[in-house]
Amino acid sequence: MTMPAILITGANGQLGNAFRALSVSFPHFRFFFLSSEDMDITEEKAIDLFFRSNRPDYCVNCAAYTAVDKAEGDAASAYRVNREGAALLAQACKRHASRFMHISTDYVFSGESAEPYREEDAADPKNIYGRSKLAGEITAAEYDPDCIIIRTAWVYSAHGSNFVKTMIRLMKERESVNVVNDQTGTPTYAADLAKACLSIIDGGKWAPGTYHYTNEGRATWYDFAVAIKQMTGADCNVNAIPSSAFPTMAKRPAFSLLDTRKIINAYAVSAPGWREALRRCLKEMNALKEA
Ligand SMILES: NC(=O)c1ccc[n+]([C@@H]2O[C@H](COP(=O)([O-])OP(=O)(O)OC[C@H]3O[C@@H](n4cnc5c(N)ncnc54)[C@H](OP(=O)(O)O)[C@@H]3O)[C@@H](O)[C@H]2O)c1
């Protein structure tokens, strides 16, 4: 019997790299890790060629246009990757009887709630990135109603650029950093998200639909920065500021906590606390530095 094959798109991104690192713990799967150069998810022919030649049993779409502020001035590119790309992959999965797992975002929500968002809550994105990702969710589910969509939030990892790496650098360069304290969410370690996705695939139970996955707990970006300072022992003042003092191209939801009970109840995935996850990521970063 051949081993089930899993295609990971956007394999050079934070989440893609987390899947790559984790794949050694899942030796009973074959993995295809495709970067944007290996397979552009907006190119139908390339997708078709890959699916016809390799017949993956699963496709996890980690490819996305993730530059939230840049998207405000480049909606066409954001929609091309986040909507058209998702549509093409969903169509290919449907055509080739592959199971499609698509990753989405907390930014599909407006942030006006006071309660953690549940999967069935109305989406109302406030920026182009969020709108393009919501359009991707809708089109993916239209073309492949058997797909699983996993919304996550505030992703960071030892690879790529992210808030943790930026803070570590700024805390070395400056005596103080200003960080917004009026946006609440949950930092999510890409390694934990990848593990949750693979444990769903590995579990053999596939219940299509939308799910929320983040690490456990809540934080503002300021709380997150303070935790980074404490855990790295940085000698830098962290000042809390309102979002109004740090204008960005894209509006961001003030509150985007995701309720993760559905995915935990359905698949018993593990969602470690965000502080403990941050500690593990910092350890991984140190190990990479020493390697
Ligand atoms: N990062 C976050 O804070 C966050 C929060 C919530 C949800 N998410 C979602 O989580 C998923 C993974 O995000 P991430 O943090 O791993 O993002 P990332 O580090 O920016 O990685 C995205 C990857 O997608 C690739 N890509 C872009 N356009 C592509 C195309 N046309 N064809 C193939 N690959 C393409 C990029 O390749 P190039 O670098 O070569 O362009 C990059 O390697 C995404 O769906 C994202 O929307 C992320």
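For the structure itself, look to the data block above.
Residues numbered from 1 in each chain as written. Predicted model: local features only at pLDDT ≥ 70, side-chain atom pairs only at ≥ 80, totals over all residues.

## Description of the overall build of the chain
Then comes step 1: In terms of regular secondary structure, the chain is built from nine helices and 12 strands.
Then comes step 2: The C-alpha radius of gyration computed for the chain amounts to 19 Å, which stays within 12% of the reference 19 Å derived for 291 residues, consistent with globular compactness.
Then comes step 3: On the principal axes, the C-alpha backbone points of the chain span a range of 55 × 40 × 35 Å.
Then comes step 4: Burial status across the chain gives 46% buried among its 291 residues.
Then comes step 5: Across the chain, contacts joining residues at least 24 apart in sequence account for 84% of those joining residues at least 6 apart. (Helix = DSSP H or I, 4+ residues; strand = E, 2+ residues; numbered from the N terminus. Rg over C-alpha atoms; globule rule 2.2 N^0.38 Å. Buried ≥ 20, exposed ≤ 12 C-beta atoms within 10 Å, placed from the backbone. Contact = placed C-beta atoms within 7 Å.)

## Digging into the nonpolar core
Then comes step 1: Counting residues in hydrophobic clusters, the biggest one holds 87 residues, and the most contacted among them are Leu89 and Cys197.
Then comes step 2: Setting aside chain neighbours within four positions, we find Cys197 in contact with Val60, Met101 and Ile150. (Core = buried A, V, L, I, M, F, W, Y, C linked by C-beta atoms within 7 Å.)

## What to know about the packing of helix 3 (residues 75-95) against helix 4 (residues 128-143)
Then comes step 1: Here helix 3 crosses helix 4 at 15 degrees, and the two axes come no closer than 8 Å. In terms of orientation, helix 3 and helix 4 fall into the roughly parallel class. Taken as a pair, helix 3 and helix 4 cross one another with a handedness that is right-handed. Only Ile128, Tyr129, Ser132, Lys133, Ala135, Gly136, Thr139, Ala140 and Tyr143 of helix 4 make contact with helix 3, whose side of the interface consists of Ala75, Ala78, Tyr79, Asn82, Arg83, Ala86, Ala87, Ala90, Gln91 and Lys94. (Axes fitted to C-alpha atoms, helices over the stretch in contact; angles between N-to-C directions. Parallel < 35°, antiparallel > 145°, perpendicular 65-115°, else oblique. Left-handed = near helix turned anticlockwise from the far one by under 90°.)

## Observations regarding helix 1 (residues 14-22)
Then comes step 1: Three or more residues of helix 1 are buried, namely Gln14, Leu15, Gly16, Asn17, Ala18 and Phe19.
Then comes step 2: On its buried face, helix 1 sits against strand 1 (5-9), strand 2 (30-34), strand 3 (58-61), strand 4 (99-105), strand 6 (155-156) and helix 6 (190-203).

## A look at the site of the ligand
Then comes step 1: In the neighbourhood of the ligand, 28 residues make up the surrounding shell, with Gly10, Gly13, Ser36, Ala63 and Val155 lying closest.
Then comes step 2: Only helix 1, helix 3 and strand 4 provide two or more residues apiece to the shell around the ligand.
Then comes step 3: Here the element with the most residues in the shell around the ligand is helix 1; it accounts for three residues.
Then comes step 4: Each residue belonging to the shell around the ligand can be placed in one class, and the counts come to 11 nonpolar, 14 polar and three charged. (Near = placed C-beta within 6 Å. Nonpolar A, V, L, I, M, F, W, Y, C, P; charged D, E, K, R; others polar.)

## Observations concerning the packing of helix 2 (residues 44-54) against helix 3
Then comes step 1: Where helix 2 contacts helix 3, the axes come no closer than 10 Å and their chain directions differ by 30 degrees. Judged by the angle between their axes, helix 2 and helix 3 are roughly parallel. Our pair here, helix 2 against helix 3, has a crossing hand that is right-handed. Residues Glu44, Ile47, Asp48 and Phe51 of helix 2 touch helix 3, and the partners they reach there are Leu88, Leu89 and Ala92.

## Here we look at helix 9 (residues 274-290)
Then comes step 1: If you check helix 9, its first and last C-alpha atoms are 24 Å apart, about what 17 residues at 1.5 Å a residue would give, namely 24 Å.
Then comes step 2: Regarding helix 9, the residues found buried are Trp274, Ala277, Leu278 and Cys281. Buried residues of helix 9, seen end-on, are gathered within an arc of 100 degrees and therefore sit on one face of the element. Away from the buried face of helix 9 by more than 90 degrees, exposed residues Lys283, Asn286, Ala287 and Glu290 are located.
Then comes step 3: Buried positions along helix 9 lie against strand 6, helix 5 (163-173), strand 9 (188-189), helix 6, strand 11 (219-220) and helix 7 (221-232). (Expected span 1.5 Å × (residues − 1). Arc of directions from axis to C-beta.)

## Looking at the pairing of strand 4
Then comes step 1: Along strand 4, seven of the seven residues are buried, which leaves the element largely enclosed by surrounding structure.
Then comes step 2: Across the two faces of strand 4 the burial is the same, with Arg99, Met101, Ile103 and Thr105 and Phe100, His102 and Ser104 all buried.
Then comes step 3: Where strand 3 and strand 4 come together, four bridges link them in parallel fashion. Each bridged residue has a counterpart across the sheet, and for Cys59 the counterpart in strand 4 is Phe100.
Then comes step 4: Since strand 3 and strand 4 lie parallel, the crossover through helix 3 that links them has a hand, and here it is right-handed.
Then comes step 5: Here strand 4 runs beside strand 5 (residues 148-152); their pairing, made up of five bridges, is parallel. Bridge assignment links Met101 to a residue of strand 5, and that residue is Ile148.
Then comes step 6: Traced from strand 4 through helix 4 to strand 5, the parallel crossover comes out right-handed. (Pairing = 2+ DSSP bridges. Right-handed = clockwise from strand over helix to strand, strands pointing away.)

Remember, this is a structural readout, not a statement about activity or role.
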